[in-house]
Amino acid sequence: MSLRTPKLVSEIAQGFVEVNSKDALQAGLKNKDVVTLATRRGSIETRAKITDNVPPGLLFAAFHFPDSRGNALTNPALVPGAKCAGTKVCAARMEVKQ
Amino acid sequence: MKGDMYIARAADKDILKRGENGGVVTSLLKFALESKRVDAVVAVKAREGNRYDGIPVLITEPEKVLETAGSLHSSSPNIARLLTEYLDGASNLKLAVVVKPCDARAIIELAKRTQINLDNLLLIGLNCTGTLPSVKAKTMMKEIFEVDPAEVVGEDIEDNVLTITLKDGSEKKEDLAKLEEQGYGRRENCRRCEINIPVMADIACGKWGTTNKETTFIETCSEKGAQFIQSAVDGGCITVEEPSTASINDRKKKDQAAIELAKQWQDKDFSGLEKMSTEERFSHWFAQFGQCIKCYGCRDACPICYCKDCFLEADRGYITPGEIPPDVMFPMVRVAHVMDSCVNCGQCEDVCTMDVPISLLVFLLNKKMSDIFKYEPGMDVTKLPPLRTTTDQELKLTGVDISFDF
């Protein structure tokens, strides 16, 4: 997201990661805590949004906020035939930033 | 003078042929431009011949008026909003505007809020017993009438029957009540609407009270309208004759029948809600509001919602930003801001991507409020809406019950 549309920025200006409440409890995570998401390709920092919109074991982050670019984590490799990028899903590690 | 009635037809043979009921409205628009009584005309035409996609057009050349001849039942453009958003509320432009009763009423409510300059407008009203939702209308043509929607060249609603005319001149008819039971027919707000003859406009035109398809019944509803009709007759643009008593009575009877039908729809649509306990009502409407994706469509389509700096914007700090569904105050603030002036145009529900029956709620509350304050929106420009005129002291008067415990 370019953050050049004032209306959208006033709705949501920063990225976040959705974390299931059970996972949050286990990680000792509070709403809006800063977490580090890391994969073998890279890591980002963002704020946690605790919600049961995602099931336990799954994190959801948008990839368009400049402050927490989700695609720093994902795999850019293409499916040979369809050329579809693997930038939608990947395994990741979450650590609560102290 | 105001209140005069005529049976009229176009003097021009081309217009008489192209127009729907004697080509009177087309002739009047052409005359308004030619005689320089207006700078432009606002009417509706089919986009690229597609009658399910009626678009408002601003016309300055008299010969182009003919493109708007004939009624389009399967579209309901937002005429009042068009005037405020794109034509600066007619502040510097004299316009003749073709309106359905709800368009005229919205324009009058906006004039009370100084958003439209009524002095610059000539409102040419069309009788209306309802419009059809365009996508459903196309499906209805295919599924029920079993015709290609593109073959339809005319629709007509009369005596609770929907008649369509096809390119080859043949007609097909279906019972409107039956269609509406099946989920087709008119838009839901139109079914509940009791205002069929646009007496709040300057002129009310329609086929009720005529005996053939080549004439239109006209009632002049303001001095401005009466003068305009007189000059159109003097200018040789239309020919008129006095309607017979039978004609006038027939028009009244048809109007009354349509009003009765609307009241039946109101009873049907309201009764379930009225039977609910307060708790049930809350849970019903909160579940409806829970579908809201905060697209602001209802606010942006509502002709009455005119604030440039809206209370509901995220940066105003009233509604939590970035939250979907938004807090219940989001729809409730909208409802509270417009319910005294709702003209039941249905634009909010037309644009709602989540099919929240918001028009039903606002109209229901408006009816209750109208009973209390004896205020009918959009009927008289000199009467201000209750939210503008009721004082805090009045609300506290003993013996006055303004609760909504219906």
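As a reminder, the structure under discussion sits directly above these lines.
Numbering of residues begins from 1 in every chain and follows the order in which that chain's sequence is written. A letter from A marks each chain and a number from 1 marks each ligand, given out in the order of writing. pLDDT decides what is reported in this predicted model: residues at 70 or higher carry local features, side-chain atom pairs at 80 or more are listed and counted, and totals for whole chains, interfaces and linings draw on all residues regardless. Side-chain descriptors were evaluated using all non-hydrogen atoms of the structure, hydrogens and water having been removed beforehand.

Asker: Break down the overall build of chain A for me, with residues and values.
Answerer: Numbering of helices and strands starts at the N terminus; helices are DSSP runs of H or I of at least 4 residues and strands are runs of E of at least 2. Broken down by element type, chain A carries 2 helices and 5 strands. Secondary structure elements of chain A, listed N to C terminal, follow the sequence α-β-α-β-β-β-β. Across its three principal axes, chain A shows a C-alpha extent of roughly 40 × 35 × 25 Å. Carbon and sulfur atoms provide 56% of the accessible area of chain A, an area that totals close to 6600 Å². Positive charge is attributed to Lys and Arg, negative charge to Asp and Glu, and no charge count is given to His or to the chain ends. Lysine's charge is taken at NZ, arginine's at CZ, aspartate's at CG and glutamate's at CD. The positive charge centre, built from 14 side chains, and the negative charge centre, built from 8, are 7 Å apart in chain A. We get accessible surface area from the Shrake-Rupley algorithm with a probe of 1.4 Å; when it comes to residues, only the shown protein chains can shield them.

Asker: Quick one: what's the story with the side chain of A:Glu11, residue by residue and with numbers?
Answerer: On the secondary structure map, A:Glu11 appears in helix α1 (residues 6-11). Should any heavy atoms of two residues lie within 4.5 Å, those residues are considered in contact. The contact partners of A:Glu11, leaving out residues within four places of it in the chain, are B:Lys294, B:Tyr296, B:Ala314, B:Pro321 and B:Gly322.

Asker: Quick one: what's the story with the pairing of strand β3 (residues 50-59) of chain B, residue by residue and with numbers?
Answerer: All names here are of chain B. Direction of pairing for strand β2 (residues 40-47) relative to β3: antiparallel, over a ladder of 7 bridges. Counterpart to Val44 in the pairing with β3 is Pro56. In this description, strands pair whenever DSSP reports at least two bridges between them. Hairpin remark: β2 followed by β3, antiparallel, with 2 residues in the connecting loop; positive phi at Glu48, about 45°.

Asker: Run through the packing of aromatic side chains, naming residues and quoting values.
Answerer: Residues and elements named next belong to chain B. Two aromatic rings, drawn from Phe, Tyr or Trp (for Trp, its six-membered ring), form a pair once their centres lie within 6.5 Å of each other, and the interplanar angle then sorts them: stacked below 30 degrees, edge-to-face above 60, tilted otherwise. Enumeration over the complete set of coordinates arrives at 7 aromatic pairs over all chains. Both rings, one in Phe282 and one in Phe286, keep their centres 5.4 Å apart while their planes meet at 80°; by these two values the pair is edge-to-face. Taken together, the residues span about one helical turn, with Phe282 and Phe286 both in helix α10 (residues 278-289) at a distance of 4 residues. Note on Phe286 and Phe289: the rings are 6.5 Å apart at their centroids and 35° apart in plane angle, and the pair reads as tilted. Placement of the pair is Phe286 and Phe289 together in helix α10, with a separation of 3 residues, close to one helical turn. Using a relative accessible area of 38% as the deciding quantity, one classes Phe286 as partly exposed. Note on Phe289: relative accessible area 4%, which makes it buried. Here the term buried applies to any residue with accessible area under 20% of the maximum for its type, exposed to any over 50%, and partly exposed to those in between, with areas from a 1.4 Å probe on protein chains only.

Asker: So what's going on with the interface of chain A and chain B? Residues and values would help.
Answerer: Across the contact, 4 residues belong to chain A and 8 residues belong to chain B. Summed over both partners, the accessible area lost on bringing two parts together, with a 1.4 Å probe, is the buried area. When the area that chain A buries against chain B is broken down by residue, the three leading residues are A:Lys7, A:Ser10 and A:Glu11, summing to 86%. Whenever Lys or Arg places a side-chain nitrogen within 4 Å of a carboxyl oxygen from Asp or Glu, that contact is recorded as a salt bridge. At the surface where chain A touches chain B, the tally comes to 2 salt bridges. In this structure, the salt-bridge partner of A:Lys7 is B:Glu313, at a minimum N-O distance of 2.8 Å. For the purposes of these results, a polar contact is taken to be a pair of N or O atoms within 3.5 Å, where, inside protein, one atom must be able to donate a hydrogen and its partner to accept one; residues adjacent in sequence count only when each atom of the pair is a side-chain atom. Across the contact surface, chain A and chain B share 4 residue pairs in polar contact (both at pLDDT 80 or more). Taken together, the residues that form the side of chain A that touches chain B break down as 1 nonpolar, 1 polar and 2 charged. Each residue is assigned to one of three groups, with Ala, Val, Leu, Ile, Met, Phe, Trp, Tyr, Cys and Pro labelled nonpolar, Asp, Glu, Lys and Arg labelled charged, and all others, Gly among them, labelled polar.

Asker: Tell me what's going on with the environment of B:Thr390, and back it up with residues and numbers.
Answerer: Residue and element names in this part refer to chain B. Within the element layout of this structure, Thr390 appears in the loop between α15 (386-389) and α16 (392-395). The class for Thr390 is partly exposed, based on a relative accessible area of 21%. Sequence spacing of Thr390 and Phe373 is 17 residues, and the spatial spacing of their C-alpha atoms is 9.1 Å. When residues no more than four places from it in sequence are discounted, the contact partners of Thr390 are Phe373 and Leu395.

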